[in-house]
Amino acid sequence: MVGKNLRLYLSGDAKDHAYVYNAQFDRDFDVDTLGVVEIDEMAVSDEAAIGAARYEPIQPEFFAHLVERLPAIEPSDFTFVDVGSGKGRALILAAVAGFRTVIGVEFDGGLHRAALTNIDRVRDQFPDVSFELRHQDARDFTPPEGSIIVMVNNPFDQSVLIPLLMRLEQLGAKQIQPFYLIYGHCLHVDQVIERRCWKLLERSHFQTKRHPYAIFELAVP
């Protein structure tokens, strides 16, 4: 992992990936969310790895921007779900943002264990937050009922994204509560738009065009 992180740092992309190496967040919360974990470093089968992307921690400023771009909401009224939650950085940021029910879904056992450790380190700082970490394939995930915000920060391609969207749509058809999708680094955003039941609220980028995002609301008739 160290060698691959060093190659990324030296590749010329380091400026756009500076957040991968910025340790301030980890120092603030006494956690370990830094670095890049490639697919071949994950403890998953070749079949399970199809469509998956490497782990990178989300930039805290990017996360804050995404949440701010949602329609006016009261975070405590929503369940926040990060699908492809890695080492749990976004889950901690969700707690900071005021969400009181926070769920992480991660298919790699090593990243899942790292997230468990990190969340255990911060639980005392967020006594009113219910954290739930699921070691699970995104295609098998079913969110709880109620008002939901699901975030995917490019953890996989359309071969995983579409089955996940289908499950979310099935749930949404059974309830009337608000249901939002935050899609960070939205490389497959057109596949979401084509499904029609996802109303595009905003499509833009954060700081540079290498950080595109889109925000949707589920509008199942």
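Scroll up a little and you will see the structure.
What you see is a predicted model; the values in this text were computed from it and never measured.

Draft legend 1. Inspection of the nonpolar core at higher detail. Core analysis: the largest hydrophobic core is formed by 33 residues, its most contacted members being Phe 63 and Phe 131. Elements supplying a minimum of two residues to this core: helix H2 (24–29), helix H4 (60–68), helix H5 (89–97), helix H6 (109–122), strand E3 (130–135), strand E4 (148–153), strand E5 (179–184) and strand E7 (212–218). No other element matches the 6 residues that H5 contributes to this core. Contacts of Phe 63, omitting those with residues within four sequence positions, involve Ile 58, Phe 80, Ala 90, Leu 93, Ala 94, Ala 97 and Met 151. Ranked by size, the runner-up nonpolar core spans 28 residues in total, among them Val 105, Leu 165, Tyr 183 and Val 192.

Draft legend 2. Fine view of the sheet that holds E5. Spatial ordering of the open sheet is given by E3-E2-E1-E4-E5-E7-E6, a layout of 7 strands whose pairing is mixed. A single partner strand is all that each edge strand has here, and the edge strands are E3 and strand E6 (198–205). Taking each pair of neighbouring strands and ignoring which way they run, the sheet shows an average axis angle of 15°. Relative to E7, E6 runs antiparallel, the two sharing 7 bridges. When the bridges of E7 are listed, Glu 202 appears paired with Ile 215. Contacts from H4 reach strand E1 (79–83), E4, E5 and E7, with the element oriented near 35° to E7.

Draft legend 3. Summary view of unusual backbone geometry. Phi is positive for His 185, which is not a glycine, with a value near 50°. Within the secondary structure, His 185 sits in the loop between E5 and helix H8 (189–193). Residue classification places His 185 among the buried positions, given a relative accessible area of 15%.

Draft legend 4. Layout of the environment of Ile 149. Following the sequence through the fold, Ile 149 ends up in strand E4. For Ile 149, a relative accessible area of 0% corresponds to the buried category. With 71 residues separating them in the primary sequence, Ile 149 and Phe 78 have C-alpha atoms 6.7 Å apart. Setting aside residues no more than four positions away along its own chain, Ile 149 makes contact with Leu 70, Ile 73, Phe 78, Thr 79, Phe 80, Val 81, Phe 99, Tyr 180 and Ile 182.

Draft legend 5. Examining H6 more closely. Given a rise of 1.5 Å per residue, 14 residues ought to cover 20 Å, and the 20 Å separating the end C-alpha atoms of H6 matches this to within 8%. Within the sequence span of H6, burial applies to Gly 109, Leu 111, His 112, Ala 115, Asn 118, Ile 119 and Val 122. Buried residues belonging to H6 abut H2, H5, strand E2 (101–106) and E3. N-cap assignment for H6: the residue whose side-chain oxygen lies 3.3 Å from the backbone N of Gly 110 is Asp 108.

Draft legend 6. Representation of the environment of Arg 123. With respect to the element layout, Arg 123 can be found in the loop between H6 and E3. Sequence separation between Arg 123 and Ile 92 is 31 residues; the distance between their C-alpha atoms is 9.3 Å.

Draft legend 7. Broad picture of H5. Taken across its 9 residues, H5 has 7 buried, putting it largely inside the fold. If you check which residues of H5 are buried, you get Arg 89, Ala 90, Leu 91, Ile 92, Leu 93, Ala 94 and Ala 95. At the exit of H5 stands Gly 98, carrying a positive phi of roughly 110°.

Draft legend 8. Broad picture of the packing of aromatic side chains. A full pass over the atoms with the stated rule returns 9 aromatic pairs. Geometrically, the ring pair formed by Phe 63 and Phe 80 is edge-to-face, given 5.6 Å between the ring centres and 65° between the ring planes. Of this pair, Phe 63 sits in helix H4 while Phe 80 sits in strand E1, placing them 17 residues apart in sequence. With respect to class, Phe 63 is no different from Phe 80; both count as buried. The interplanar angle of 45° and the centroid separation of 5.2 Å between the aromatic rings of Phe 80 and Phe 99 together place this pair among those described as tilted.

Draft legend 9. Inspection of the pattern of salt bridges at higher detail. Using the criterion set out here, one finds 7 salt bridges in the structure. Put simply, Asp 26 and Arg 89 hold a salt bridge, and the shortest N to O gap is 3.6 Å. Placement of Asp 26 in helix H2 and of Arg 89 in helix H5 is noted, with a sequence separation of 63 residues between them. Assessed through its relative accessible area of 7%, Asp 26 is described here as buried.

Scoring rules and cut-offs
Residues numbered from 1 in each chain as written. Predicted model: local features only at pLDDT ≥ 70, side-chain atom pairs only at ≥ 80, totals over all residues. Heavy atoms only, no water. Core = buried A, V, L, I, M, F, W, Y, C linked by side-chain atoms within 4.5 Å. Buried < 20%, exposed > 50% of the residue type's maximum accessible area, 1.4 Å probe, protein only. Helix = DSSP H or I, 4+ residues; strand = E, 2+ residues; numbered from the N terminus. Contact = heavy atoms within 4.5 Å. Pairing = 2+ DSSP bridges. Axes fitted to C-alpha atoms, helices over the stretch in contact; angles between N-to-C directions. Expected span 1.5 Å × (residues − 1). Polar contact = N/O pair within 3.5 Å; in protein donor to acceptor, adjacent residues only side chain to side chain. Phe/Tyr/Trp six-rings, centres within 6.5 Å; stacked < 30°, edge-to-face > 60°. Salt bridge = Lys/Arg side-chain N within 4 Å of Asp/Glu carboxyl O.

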